Amino acid sequence: MTTTEAAEEKLRGWFSGRLPEDWFDGPPRVVLDREEISVIGRLTEPELAEGASDAERAEAVAGQIQRFREETRDQRIDIAREAEHRFARKVSWGVECGDEKVMFTTLSVPVMTRLRQSERRVLDTLVDAGVARSRSDALAWCVRLVGKNADEWLAELRDALLHVERARAAGPQV
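Residues numbered from 1 in each chain as written. Predicted model: local features only at pLDDT ≥ 70, side-chain atom pairs only at ≥ 80, totals over all residues. Heavy atoms only, no water.

Caption draft 1: Region of interest: the sheet that holds strand E4 (residues 100–103). With respect to topology, four strands assemble into an open sheet ordered E1-E2-E3-E4, the strand pairing being mixed. Two strands bound the open sheet, and with one partner strand each, they are strand E1 (29–32) and E4. Within this sheet the neighbouring strands show an average axis-to-axis angle of 20°, counted without direction. The strands touched by helix H1 (residues 3–18) within the sheet are E1, strand E2 (36–42) and strand E3 (90–97), with E1 carrying the most contacts at an inclination of about 140°. On top of the sheet, helix H2 (residues 54–87) reaches E2, E3 and E4; it is set at about 155° to E3, its chief contact. (Pairing = 2+ DSSP bridges. Helix = DSSP H or I, 4+ residues; strand = E, 2+ residues; numbered from the N terminus. Axes fitted to C-alpha atoms, helices over the stretch in contact; angles between N-to-C directions. Contact = heavy atoms within 4.5 Å.)

And the structure:
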């Protein structure tokens, strides 16, 4: 087992044991990176009358998400503080309900990058066109677009990285 897998397993276990059982429909998904732990749970879809319209369904889901967010806020803050102290990372929260995924809190972490003029011009075009407010927003927009359109490839790449990490862990210790 790699160090990343072990850390994620430890986090999943802690959050599964710490969160109230009635919050989510099943165990939460825990996503980890260098700075942040994201806890994403699935909410039970609201019950609607048979033949409810798409608009009614969408509003019911939005209401369910908002109710959960408001009713659990204080408890989520307490749990996040405990986890931040224990695991030395910030905690963000999100839910999925129906086809909707909403993140309540997330970190916005500065990342240093070096871009050539042609790449900066892409960002400036997005800013000039009103797609983004700044180069930083434009770069985040580009990253989201690539992530959305390359999900399968990125999943394969992450899987390959896990295999590399396992091979390193199994190799000689220098």
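We are not done yet, so read on.
Caption draft 2: Region of the structure containing the nonpolar core. Phe15, Leu19, Ile37, Val91 and Trp93 are the most contacted members of the largest nonpolar core, which has 23 residues in total. At the level of elements, H1, E1, E2, H2 and E3 are the ones that each hand at least two residues to this core. By residue number, the principal contributor to this core is H2, which donates seven residues. Phe15 has contacts with Val30, Ile37, Val39, Ile79, Ala83, Val91 and Trp93, leaving out every residue within four places of it along the chain. (Core = buried A, V, L, I, M, F, W, Y, C linked by side-chain atoms within 4.5 Å. Buried < 20%, exposed > 50% of the residue type's maximum accessible area, 1.4 Å probe, protein only.)

Caption draft 3: Layout of the pairing of E2. Counting buried positions over the seven residues of E2 gives six, a clear majority of the element. Where E1 lies against E2, four bridges are found, and the strand directions are antiparallel. Pairing of Val30 across the sheet is with Val39, part of E2. From the end of E1 to the start of E2, which pair antiparallel, there are three residues.

Caption draft 4: Highlighting the pattern of salt bridges. In total, this model carries seven salt bridges according to the counting rule given. Three or more residues are tied together by salt bridges with common partners; here these are Arg29, Arg42 and Glu96. (Salt bridge = Lys/Arg side-chain N within 4 Å of Asp/Glu carboxyl O.)

Caption draft 5: Structural view of helix H3 (residues 117–128). Here H3 is 12 residues long and its end C-alpha atoms lie 16 Å apart, about the 16 Å a rise of 1.5 Å per residue gives. Phi turns positive one or two residues past the end of H3, at Gly130, with a value near 80°. (Expected span 1.5 Å × (residues − 1).)

Caption draft 6: Summary view of the environment of Thr44. Note on placement: Thr44 falls in the loop between E2 and H2. C-alpha of Thr44 to C-alpha of Val143: the two residues are 99 residues apart in sequence and 31 Å apart in space. Contact partners of Thr44, with chain neighbours within four places excluded, come to Asp25, Gln64 and Cys97.

Caption draft 7: Representation of the pairing of E3 in the model. Taken across its eight residues, E3 has seven buried, putting it largely inside the fold. Here seven bridges tie E2 to E3, and the two strands are oriented parallel to one another. If you follow Gly41 over to E3, its bridge partner there is Val95. With respect to chirality, the unit in which E2 leads through H2 into the neighbouring parallel E3 is right-handed. Direction of pairing for E3 relative to E4: antiparallel, over a ladder of four bridges. Among the inter-strand pairings, Gly94 is bridged to a residue of E4, identified as Met103. If you look at the hairpin formed by E3 and E4, you'll find two residues sitting between the two strands, and Gly98 has a positive phi there, around 60°. (Right-handed = clockwise from strand over helix to strand, strands pointing away.)

Caption draft 8: Summary view of a nonpolar patch on the surface. Taken together, Leu107, Val109 and Val111 make up a surface patch of nonpolar side chains, about 250 Å² in accessible area. Turning to its location among the elements, Leu107 is positioned in the loop between E4 and H3. On the basis of relative accessibility, which here comes to 35%, the residue Leu107 falls in the partly exposed class. (Patch = residues over 30% accessible without salt bridge, like charges linked within 9 Å, V, L, I, M, F, W, Y side chains within 5 Å. Areas by Shrake-Rupley, 256 points an atom, 1.4 Å probe, with all protein chains shown as cover.)

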